[in-house]
Amino acid sequence: MQYAHLGRSGLKVSRLALGTMNFGDVTDEAESFAIMDAALEAGINLFDTADVYGGPQSPDMEQGYGLSEEIIGRWLAQAGGRREQIVLATKLYQPMGTGPNDKYLSAYKIRKAAEDSLRRLKTDHIDLYQMHHIDRSTPWEEIWQAMEQLVREGKVIYTGSSNFAGWQIATAQTAAAGRHFMGLVSEQSLYNLTARTIELEVIPALRHYGIGLLPWSPLGGGLLGGVLKKIEGGRRTTPHMQQTIERYRPQLEAYETLCADIGEQPADVALAWLLHNPVLTATIVGPRTTDQLARNLHAPEVTLSEDTLRRLDDIWPGPGGEAPEAYAW
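Note that the coordinates shown come from a computational prediction; the quantities given were computed from them, not determined experimentally.

What counts and how
Residues numbered from 1 in each chain as written. Predicted model: local features only at pLDDT ≥ 70, side-chain atom pairs only at ≥ 80, totals over all residues. Heavy atoms only, no water. Helix = DSSP H or I, 4+ residues; strand = E, 2+ residues; numbered from the N terminus. Buried < 20%, exposed > 50% of the residue type's maximum accessible area, 1.4 Å probe, protein only. Contact = heavy atoms within 4.5 Å. Salt bridge = Lys/Arg side-chain N within 4 Å of Asp/Glu carboxyl O. Pairing = 2+ DSSP bridges. Axes fitted to C-alpha atoms, helices over the stretch in contact; angles between N-to-C directions.

Caption draft 1: Representation of the environment of Arg207. Take Arg207: it is sitting in helix H6 (residues 202-209). Judged by its relative accessible area of 45%, Arg207 falls in the partly exposed class. Sequence separation of Arg207 and Asn163 is 44 residues, and the distance between their C-alpha atoms is 16 Å. If we ignore the near neighbours within four places in the chain, the residues touching Arg207 are Val279 and Glu322.

Structure (structure tokens):
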């Protein structure tokens, strides 16, 4: 496994990160344990979850959410010193109850969410605590004060963001610098060959501030995983996926042909394309089974030539570069 610094921090993480959104929902506990065992054995040390992961929200808000963290916590509690072998990342923001302060990023919510995650994860600290979305109603002095308190108490080591715009990243870092606080070391964004909007302003902001990019949905919800070949092999798709396939069919045909030409699997090419970006620290894969995880492990070893990268740009064009040059002289 290859490793890289998490943004400008001194912390090194694996180029593939284990996403656990399926744990407790699509993937049962036994298979989740097997996936984590296999990931650790393969050298993956960045495990990513969120308080909200785990399944459908129940009417009483007492079941469903939090299951992913609980499964990870029970896995960590087993013998073998697993906790010190991984970089544990989780998130907060989403509703975890029906009360008025059970969501978003108030100092009240940050403190409670952290304590609840620590309890579910059966650990005394979170290595990377990420804000799952921007909170437009809470000032940065309140957010950073609450995060600083967690850092002082040793409950949080690094902080990150997810789904932030470029200007929001800049605002957050300016506020953190004014407090002599490190601020963000990572940003999780939707990024793959079919979704390249963040190339306009988010990626330039991350490069400027030394923040590592952690793309989610690197295979475009399965679209970039060889979907046409799978259909030809008799695999069924949902009506929504079928509509998406028809929308992108000419590009998918060209893409899967390119992958065949260079002798690589479509999923590996999609992941390798992301890993070629110097701003990117690691890409998050969310396997439902150990077999899916095993198929992802080859991607960091795939090297794409300049010609292949140009062909991929032709098939899946981005926004035209960075802002403002992408749309103005």
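So that's the structure; there's more coming.
Caption draft 2: Examining the pattern of salt bridges more closely. Throughout the structure, instances matching the rule amount to 16 salt bridges. Of the charged contacts in the structure, one is a salt bridge between Glu69 and Arg120, with a shortest N-O distance of 2.7 Å. Taken together, the residues Glu69 in helix H2 (residues 67-76) and Arg120 in helix H3 (residues 107-121) connect sequence positions 51 residues apart. Taken individually, Glu69 and Arg120 each receive the classification buried, so the pair is uniform in this respect. The partner of Asp127 in a salt bridge is Arg83, and the shortest N-O contact between them spans 3.0 Å. A residue pair is termed long-range when its members are at least 10 positions apart, and Asp127 in strand S6 (residues 126-131) and Arg83 in the loop between H2 and strand S5 (87-92) qualify at 44 residues. The two residues Asp127 and Arg83 agree in class, both being buried. Connected via shared salt-bridge partners are Lys112, Asp116 and Arg119.

Caption draft 3: Representation of the environment of Thr283 within the structure. Within the secondary structure, Thr283 is located in strand S10 (residues 283-285). Once the C-alpha coordinates of Thr283 and Thr123 are considered, the two residues, 160 residues apart in sequence, prove to be 25 Å apart. Setting aside residues up to four positions removed in sequence, Thr283 forms contacts with Arg15, Leu16, Ala17, Pro215, Pro218, Leu271, Leu274 and Leu275.

Caption draft 4: Structural context of the sheet that holds S6. Taking strand neighbours across the sheet as the criterion, the eight strands line up as S9-S8-S7-S6-S5-S4-S3-S10 in an open arrangement whose pairing is parallel. A strand with exactly one partner marks an edge of an open sheet, and here the two such strands are strand S9 (212-216) and S10. Sheet twist, expressed as the mean angle between neighbouring strand axes with direction ignored, is 30°. With three bridges joining them, strand S3 (residues 16-19) and S10 adopt parallel strand pairing. Bridged to Ala17 within S10 is Ile284.

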